[in-house]
Amino acid sequence: MRRRLWGVQELRDAPLAPLTTFRLGGPARRLLTATTEDEVITAVGEADERGEPLLLIGGGSNLVIADEGFDGTALRIATRGTTLDGTRLEVAAGENWSETVARTVEAGLAGVECLAGIPGSTGATPIQNVGAYGQEIASVVTEVVAWDRRERRTVVLPAAECGFSYRHSRFKAEPDRHVVLRVRMELEDADGRSAPLRYAETARAMGVETGDRVPLAAARETVLTLRSGKGMVLDPEDHDTWSAGSFFTNPVLDDATFAAFRTRAAERLGPDVTPPAFPAGDGHTKTSAAWLIDRAGFTKGYGEGPARISGKHTLALTNRGAARTADLLALAREVRAGVRDAFGITLVNEPVTVGCTL
């Protein structure tokens, strides 16, 4: 792995904040930008050989970087390439995810249309197992092509070996093991219609029932409208979108914990208040982090400093333009503590923290 990094852009003491949707964080000692898979593999191998800390950056939509920055090599993955063969789609890790969704809709293929507007790169989607409005990337991924840093070779991991679960995967569980190079998906040709709508809000907005299919383009546009109304579509002029989207994951509770939570909610809010509950399989129930945050007293727009809860969605913590990472983390800790005190549930952050902890 001693090949020279031909063609790779290299910057020293490089600002990382502009590469994240939070627009927060200090500089990296070294920033590389790789536009081909060979460049990605060579850069990763070089850093590993030197025992140097390595930070992988795609779209920067799921990163909280410390104000002190990153004392190592940050590698921005900017690979490009999309191949469509019938209903089989292969996409390079550096491709913009929202644009990937748009391409599938234009091709008349269903399966990810309700994941429209999610910021970030395509390569990040299986890591986080992104999901929204009733769809999840795990439902369409067939294989992930990755560089195995331990075995120093390219591997093809079938979906069954990716360890997908709610907002989680093998890649997230072993962050220093694999570097996603390409994502392979199997979509559906439903004669220009969407996959069956699984999310009640989407169905209501379209005037149909859950389980119905609708025109693909209409489904995508409806989701983009819903997301925009919550500040979940990037807009440089709108500080409500200077965020990582949902900052906390929805808690998945076992039956005993959920029963205790429901009792506590009734004591706090009254016997007629019923917390959101969604079956999560195997004796577990998922509830809403946004509901918990709001009912604990952290409403839309909460905060007086440079980091505040979004004015459009209680689940998004935002940079109002002059925040530091320390401000964001202070707000996140306040919200987490408030929810724990109110309902006995400890929220878990969805974004990855770099050089800092919640």
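The paragraphs below set out a description of the structure included in this document.

What counts as what
- Residues numbered from 1 in each chain as written.
- Predicted model: local features only at pLDDT ≥ 70, side-chain atom pairs only at ≥ 80, totals over all residues.
- Heavy atoms only, no water.
- Helix = DSSP H or I, 4+ residues; strand = E, 2+ residues; numbered from the N terminus.
- Rg over C-alpha atoms; globule rule 2.2 N^0.38 Å.
- Buried < 20%, exposed > 50% of the residue type's maximum accessible area, 1.4 Å probe, protein only.
- Contact = heavy atoms within 4.5 Å.
- Areas by Shrake-Rupley, 256 points an atom, 1.4 Å probe, with all protein chains shown as cover.
- Polar contact = N/O pair within 3.5 Å; in protein donor to acceptor, adjacent residues only side chain to side chain.
- Pairing = 2+ DSSP bridges.
- Axes fitted to C-alpha atoms, helices over the stretch in contact; angles between N-to-C directions.
- Expected span 1.5 Å × (residues − 1).
- Salt bridge = Lys/Arg side-chain N within 4 Å of Asp/Glu carboxyl O.
- Core = buried A, V, L, I, M, F, W, Y, C linked by side-chain atoms within 4.5 Å.

1. Overview of the overall build of the chain
Then step 1. From N to C terminus, the chain includes 9 helices and 20 strands.
Then step 2. Its C-alpha atoms give the chain a radius of gyration of 21 Å, within 12% of the compact-globule value 21 Å for 358 residues.
Then step 3. Taken over the C-alpha atoms alone, the chain extends approximately 65 × 50 × 40 Å along its principal axes.
Then step 4. Residue burial in the chain is summarised as follows: out of 358 residues, 50% are buried.
Then step 5. For the chain, restricting intrachain contacts to residue pairs at least 6 apart in sequence, the fraction spanning at least 24 positions comes to 63%.
Then step 6. When the accessible area of the chain is evaluated, it comes to approximately 15800 Å², of which 47% is carbon and sulfur surface.

2. Overview of the environment of His-239
Then step 1. Position of His-239 relative to the elements: it lies in the loop between α6 (216–229) and β15 (252–254).
Then step 2. With relative accessibility at 26%, the residue His-239 sits in the partly exposed group.
Then step 3. For His-239 and Phe-298, which are 59 residues apart along the polypeptide, the C-alpha to C-alpha distance reads 18 Å.
Then step 4. Sequence-distant contacts of His-239, defined by excluding residues within four places in its chain, comprise Thr-318, Asn-319, Arg-320 and Gly-321.
Then step 5. Within the structure, the side chain of His-239 is placed 3.5 Å from the backbone oxygen of Asn-319, a separation counted as a polar contact.

3. Quick word on the sheet that holds strand β3 (residues 54–57)
Strands in a sheet are paired, the pairing made by backbone hydrogen bonds, and the direction either parallel or antiparallel.
Then step 1. The sheet built from 4 strands is open, its strands ordered β1-β2-β5-β3 with mixed pairing. The sheet terminates laterally at β1 (9–15) and β3, the two strands that pair on one side only. Looking at each pair of strands side by side, their axes are set apart by 25° on average, direction ignored.
Then step 2. Pairing geometry for β1 and strand β2 (residues 27–34), over 6 bridges, is antiparallel. Bridge pairing in β2 links Leu-11 to Leu-31.
Then step 3. Along the sheet, helix α1 (residues 37–50) contacts β2, β3 and β5 (70–77); its crossing angle with β2, the most-contacted strand, is approximately 145°.

4. With respect to the environment of Leu-63
Then step 1. Examined against the element boundaries, Leu-63 turns out to sit in strand β4 (residues 63–65).
Then step 2. Separated by 136 residues in sequence, Leu-63 and Tyr-199 place their C-alpha atoms 27 Å apart.
Then step 3. Not counting chain neighbours up to four residues away, the residues in contact with Leu-63 comprise Thr-20, Phe-22, Leu-55, Ile-57, Pro-351, Val-352 and Val-354.

5. What about the sheet that holds strand β16 (residues 278–279)?
Then step 1. Pairing is antiparallel in the open sheet, where 3 strands are placed in the order β15-β17-β16. The sheet is open, and its two edges are formed by β15 and β16, each paired on a single side.
Then step 2. With 2 bridges joining them, β16 and strand β17 (residues 284–286) adopt antiparallel strand pairing. Looking at β17, one finds that Phe-278 is bridged to Lys-286.
Then step 3. Of the strands in this sheet, β15 and β17 are in contact with helix α7 (residues 255–269), which crosses β15 at around 105°.

6. As for the side chain of Thr-285
Then step 1. Within the secondary structure, Thr-285 is located in strand β17.
Then step 2. According to the relative accessible area criterion, Thr-285 is buried, its value standing at 12%.

7. Considering helix α9 (residues 325–343)
Then step 1. Given a rise of 1.5 Å per residue, 19 residues ought to cover 27 Å, and the 27 Å separating the end C-alpha atoms of α9 matches this to within 8%.
Then step 2. Among the residues making up α9, those that are buried are Thr-325, Leu-328, Leu-329, Leu-331, Ala-332, Val-335, Gly-338, Val-339, Ala-342 and Phe-343.
Then step 3. Looking at the buried side of α9, the elements it contacts are β4, α7, α8 (289–295), β18 (307–309) and β19 (317–319).
Then step 4. One or two residues past the end of α9 sits Gly-344, with phi positive at roughly 75°.

8. Remarks on the pairing of β5
Within a regular beta strand, the side chains point alternately toward one face of the sheet and then the other, so they alternate between its two faces.
Then step 1. Among the 8 residues in β5, 6 count as buried, and that is most of the element.
Then step 2. Examined bridge by bridge, β2 and β5 share 6 bridges and lie parallel to one another. Directly across from Ala-28, in β5, lies its bridge partner Phe-70.

9. Some remarks on the pattern of salt bridges
Then step 1. Per the stated rule, a full pass over the model turns up 32 salt bridges.
Then step 2. One salt bridge in this structure joins Arg-29 and Asp-71, with 2.8 Å as the shortest N-O distance. Of this pair, Arg-29 sits in strand β2 while Asp-71 sits in strand β5, placing them 42 residues apart in sequence.
Then step 3. Note on Asp-71: relative accessible area 59%, which makes it exposed.
Then step 4. One salt bridge connects Arg-88 with Glu-186, and the closest N-O pair in it is separated by 3.6 Å. Of this pair, Arg-88 sits in strand β7 (residues 88–92) while Glu-186 sits in strand β13 (residues 178–186); the two residues are 98 residues apart in sequence, bridging distant segments of the chain.

10. Considering the environment of Val-112
Then step 1. Looking at the element boundaries, Val-112 is found in the loop between β8 (109–110) and α3 (125–128).
Then step 2. Once the C-alpha coordinates of Val-112 and Pro-279 are considered, the two residues, 167 residues apart in sequence, prove to be 22 Å apart.

11. Notes on the nonpolar core
Then step 1. Core analysis: the largest hydrophobic core is formed by 49 residues, its most contacted members being Val-40, Leu-75, Trp-97, Val-112, Ile-137 and Met-185.
Then step 2. Setting aside anything within four residues of it in sequence, one finds Val-40 in contact with Ala-34, Leu-75, Ile-77, Thr-79, Val-179 and Leu-181.
Then step 3. In this structure, Phe-261, Ala-290, Trp-291 and Leu-331 belong to the second largest nonpolar core, which totals 35 residues.

Treat this as a map of the structure, not an account of what it does.
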